[in-house]
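Tertiary structure, described
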Amino acid sequence: QKIYNDLSTTIKSKELSVQINDMFDRYIKLAYIIINLEDEQDQKVIKLFSNHSRMDDILDDKIQAVVISDKSGSRDKLVAVMELEINVNGIAKGLGEYLRTHDSRYEARVMKDESDFKHFWKQYKSSDLTRDEIKWAEELGDLFKESVGLTGEIIEINKRIGQNRSEFVKVRRKMDDILDEGIQEIALQKLEQADKAA
């Protein structure tokens, strides 16, 4: 950039130099914005899947074990617990597919699983629970609440990444146009003039 700026002698070449400099600054800024957003998203995804793993552990190793051994054979309680596990897995799978495809149908599926989780969590909480089950249900609720927030943030960040990537590509194309049709054309004319003069 500096070399071209120093060699620019015509008004047109100086104008192109200013344009390409401005675009390159925007291009670099967008690159860092995208990198930072992706880093932020990665950290939130790691935390979210850690929460999901903890929720699975509570459902599988604690709650289901107690419900299955429950002599009263509470079928409704068992159904609620199994649905909760299905919803946790559905949220993780739906979010993964959304991040891979950016298809809004997967975002809607995530929201549906979140809504279903709330329903079955309330159903389970309204059952006749032991002191341990109440504690686990509360922990499950806290993890779910945090996970809903993380899921929303991850999806929002993903949309911002997409918007910035689109602008990044547009800026790159404009830079290519200026280089191909402006700066390089002027440079070739200068070479031809120098060749003729020689």
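A brief structural summary. (Residues numbered from 1 in each chain as written. Predicted model: local features only at pLDDT ≥ 70, side-chain atom pairs only at ≥ 80, totals over all residues. Heavy atoms only, no water.)

1. Here we look at the overall build of the chain
Per the secondary structure count, the chain includes 5 helices and 0 strands. What you see in the chain, going N to C, is helices and strands ordered as α-α-α-α-α. Across the 198 residues that make up the chain, the buried fraction comes to 34%. Taking as baseline every contact in the chain between residues at least 6 positions apart, the subset at least 24 positions apart corresponds to 78%. Roughly 12,600 Å² of accessible area belongs to the chain as shown, and the carbon and sulfur atoms make up 53% of that amount. (Helix = DSSP H or I, 4+ residues; strand = E, 2+ residues; numbered from the N terminus. Buried < 20%, exposed > 50% of the residue type's maximum accessible area, 1.4 Å probe, protein only. Contact = heavy atoms within 4.5 Å. Areas by Shrake-Rupley, 256 points an atom, 1.4 Å probe, with all protein chains shown as cover.)

2. Re the side chain of D103
One can find D103 in the loop between α3 (75–101) and α4 (104–125). For D103, a relative accessible area of 19% puts it in the buried group. A polar atom in the side chain of D103 sits 2.6 Å from the side chain of R105. (Polar contact = N/O pair within 3.5 Å; in protein donor to acceptor, adjacent residues only side chain to side chain.)

3. Details of the packing of aromatic side chains
A full pass over the atoms with the stated rule returns 3 aromatic pairs. Ring geometry for F117 against F144: centres 4.1 Å apart, planes inclined by 15 degrees, an arrangement best described as stacked. One end of the pair, F117, is in helix α4; the other, F144, is in helix α5 (residues 131–197), and 27 residues separate them in sequence. Each member of the pair F117 and F144 is classed as buried. (Phe/Tyr/Trp six-rings, centres within 6.5 Å; stacked < 30°, edge-to-face > 60°.)

4. Here we look at the nonpolar core
For soluble globular proteins, nonpolar side chains are generally found buried alongside one another. The biggest cluster of nonpolar side chains holds 29 residues, and the ones touching the most others in it are M55, L59, I63, L84, F117, Y124 and L140. Secondary-structure elements contributing two or more residues to this core are α2 (11–69), α3, α4 and α5. No other element matches the 8 residues that α5 contributes to this core. Apart from the residues lying within four places of it in its own chain, the contact partners of L140 are M55, I58, L59, I63, L84, F117 and W121. I20, Y27, M175 and I178 belong to the second-largest nonpolar core, a separate cluster that totals 6 residues. (Core = buried A, V, L, I, M, F, W, Y, C linked by side-chain atoms within 4.5 Å.)

5. Concerning a nonpolar patch on the surface
A cluster of nonpolar side chains, F24, I28, Y32 and I35, forms an exposed patch at the surface whose accessible area comes to about 360 Å². Taking the relative accessible area as the measure of exposure, I35 reaches 43% and is therefore partly exposed. (Patch = residues over 30% accessible without salt bridge, like charges linked within 9 Å, V, L, I, M, F, W, Y side chains within 5 Å. Salt bridge = Lys/Arg side-chain N within 4 Å of Asp/Glu carboxyl O.)

6. Examining the packing of α3 against α4
Across the interface, α3 lies against α4 with an axial gap of 8 Å and an inter-helix angle of 160 degrees. On the basis of the axis angle, α3 is roughly antiparallel to α4. As α3 packs across α4, the resulting crossing turns out to be left-handed. Among the residues making up the contact of α3 with α4, the classes are represented as 13 nonpolar, 5 polar and 8 charged. (Axes fitted to C-alpha atoms, helices over the stretch in contact; angles between N-to-C directions. Parallel < 35°, antiparallel > 145°, perpendicular 65-115°, else oblique. Left-handed = near helix turned anticlockwise from the far one by under 90°. Nonpolar A, V, L, I, M, F, W, Y, C, P; charged D, E, K, R; others polar.)

7. Overview of the pattern of salt bridges
As enumerated under the stated definition, the model contains 10 salt bridges in all. Notably, a salt bridge pairs R100 with E97, separated by 2.6 Å at the nearest N-O pair. Taken as a pair, R100 and E97 lie in helix α3 at a separation of 3 residues, close to a single helical turn. We classify R100 as exposed; its relative accessible area is 59%. For R105, the salt bridge identified is with D103, shortest N-O distance 2.6 Å.

8. Focus: the environment of M111
If you trace the backbone, M111 turns up in helix α4. Taking the C-alpha atoms as reference points, M111 and G152, separated by 41 residues in sequence, lie 9.4 Å from one another.

9. Description of unusual backbone geometry
With phi around 60 degrees, H102 is a residue other than glycine that occupies positive phi space. Topologically, H102 is positioned in the loop between α3 and α4.

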